[in-house]
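Next come the chains, spelled out residue by residue.
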Amino acid sequence: MSTAEPGRDPGHERERLEPVLPDLRFLRDDSHIGILLGRIAPGMAPPLLTAVAGAVVVLVLLAAGGGRLTGITLFAPVAALLLSGLASGHPHDGRYDWLVPPVLRVTEYGCLTVVGLASGVPGPLVFVLLMTVGCHHRDDVARPAVGVSRPAWVRRAALGWDGRMLVIAVGGAFSALTPAYGILAGYLAVLLVREAGRTWSATPVTDVRVGAATPSGGAVLGDHPITRQGDGGRPAAGTNGEA
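Bear in mind the structure is a predicted one, so any value in this text is a computation, not a measurement.

**Student:** Give a description of the overall build of the protein chain that names residues and reports values.
**Tutor:** On a plain count of helices and strands, the protein chain comes out with 10 helices and zero strands. In sequence order, the protein chain lays out its α and β elements as α-α-α-α-α-α-α-α-α-α. Out of the 243 residues in the protein chain, the part that is buried amounts to 38%. A sequence separation of at least 24 residues applies to 80% of the contacts in the protein chain between residues at least 6 apart. Carbon and sulfur atoms form 68% of the exposed surface of the protein chain, whose accessible area is close to 13100 Å².

Here it is, written out as structure tokens:
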């Protein structure tokens, strides 16, 4: 005998998603280059050790250059990439490997902040870039809690933590650091808004079924669950995107 509550569709209940604990390698937010390095030398180096070593190298190089992106400090992102990228394919199953994503976040945020402020980039522009990067990282952490994740192409288009640092380094090498901050912040903001709007318009809000108004009539009201397979990037019928 079914134990489902009166007025509830058992199939509807089975569709509801459970929170998913993402692989720590997913939360690293590596670029194409970092992922490639991890495939070349899988398991070569422990993840936490290389992440901490990369952060220390970035700190030392920035201190040596007074925080400004000139001379030797241009190699800070490259050094961090080469060190941390080697472990991007390593299983992050160590006791303290959960610290790897926070260490990489501190490395990226610290580098973008110190280089920008020490090199004369307007403070509000540095703040905007940090906020857009932080929103992308929040998406990667928050969506698995409802059983979904950002499309792979969106994550790749965001360039990765090391890719964003390299963009800033290239901007500094061409004496265009402020434009580099502005272009990167604008690009990431457009990508974020586009994906947020697409997700909102493709997610069903209500699932109203024809039936009696009483629970015994089988009426089901409430939010329709998001499917684990996602929406495929296409607006769904009967969603927010429709008039």
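So that's the structure; there's more coming.
**Student:** Which residues make up the layout of surface pockets, and what are the values?
**Tutor:** If you roll a probe as big as a water molecule over the atoms, it shows you where there is empty space left. Quantified by volume, the second largest pocket comes out at close to 350 Å³. Along its surface, the second largest pocket is lined by 17 residues, and Asp30, Ser31, Ile35, Arg155 and Arg156 are the ones closest to its centre. For the lining of the second largest pocket, the secondary-structure elements that each account for two or more residues are α2 (24-27), α3 (32-40) and α8 (152-157). Broken down by element, the lining of the second largest pocket gets its largest block of residues, five residues, from α3.

**Student:** Can you lay out helix α9 (residues 160-173) for me, pointing to particular residues and giving the numbers?
**Tutor:** Counted at 1.5 Å a residue, the expected span for α9 with its 14 residues is 20 Å, and the 20 Å between its end C-alpha atoms agrees. In terms of residue burial, α9 counts as a mostly covered element, since 10 of its 14 residues are buried. Directly after α9, the chain includes Ser175, whose backbone phi takes a positive value near 55°.

**Student:** So, a nonpolar patch on the surface: which residues are in play, and what are the values?
**Tutor:** A cluster of nonpolar residues, Val52, Val56 and Val60, forms a patch on the protein surface that exposes about 230 Å² of accessible area. Note on placement: Val52 falls in helix α4 (residues 47-64). Here Val52 falls in the partly exposed class, since its relative accessible area comes to 37%.

**Student:** Report on the environment of Gly172, specifying residues and quantitative values.
**Tutor:** In this structure, Gly172 sits in helix α9. Residue classification places Gly172 among the buried positions, given a relative accessible area of 16%. Measuring from C-alpha to C-alpha, the distance between Gly172 and Gly71 comes to 9.8 Å, with 101 residues separating the pair along the chain.

Cut-off values and rules
Residues numbered from 1 in each chain as written. Predicted model: local features only at pLDDT ≥ 70, side-chain atom pairs only at ≥ 80, totals over all residues. Heavy atoms only, no water. Helix = DSSP H or I, 4+ residues; strand = E, 2+ residues; numbered from the N terminus. Buried < 20%, exposed > 50% of the residue type's maximum accessible area, 1.4 Å probe, protein only. Contact = heavy atoms within 4.5 Å. Areas by Shrake-Rupley, 256 points an atom, 1.4 Å probe, with all protein chains shown as cover. 1 Å grid on protein atoms, 1.4 Å probe; cavity = no way out; pocket = protein on both sides within 12 Å on 5 of 7 lines; lining within 4 Å. Points joined across faces, edges and corners; volume = space filled by probe spheres on them. Expected span 1.5 Å × (residues − 1). Patch = residues over 30% accessible without salt bridge, like charges linked within 9 Å, V, L, I, M, F, W, Y side chains within 5 Å. Salt bridge = Lys/Arg side-chain N within 4 Å of Asp/Glu carboxyl O.

Without other data, these values stay purely geometric and don't point to any function.
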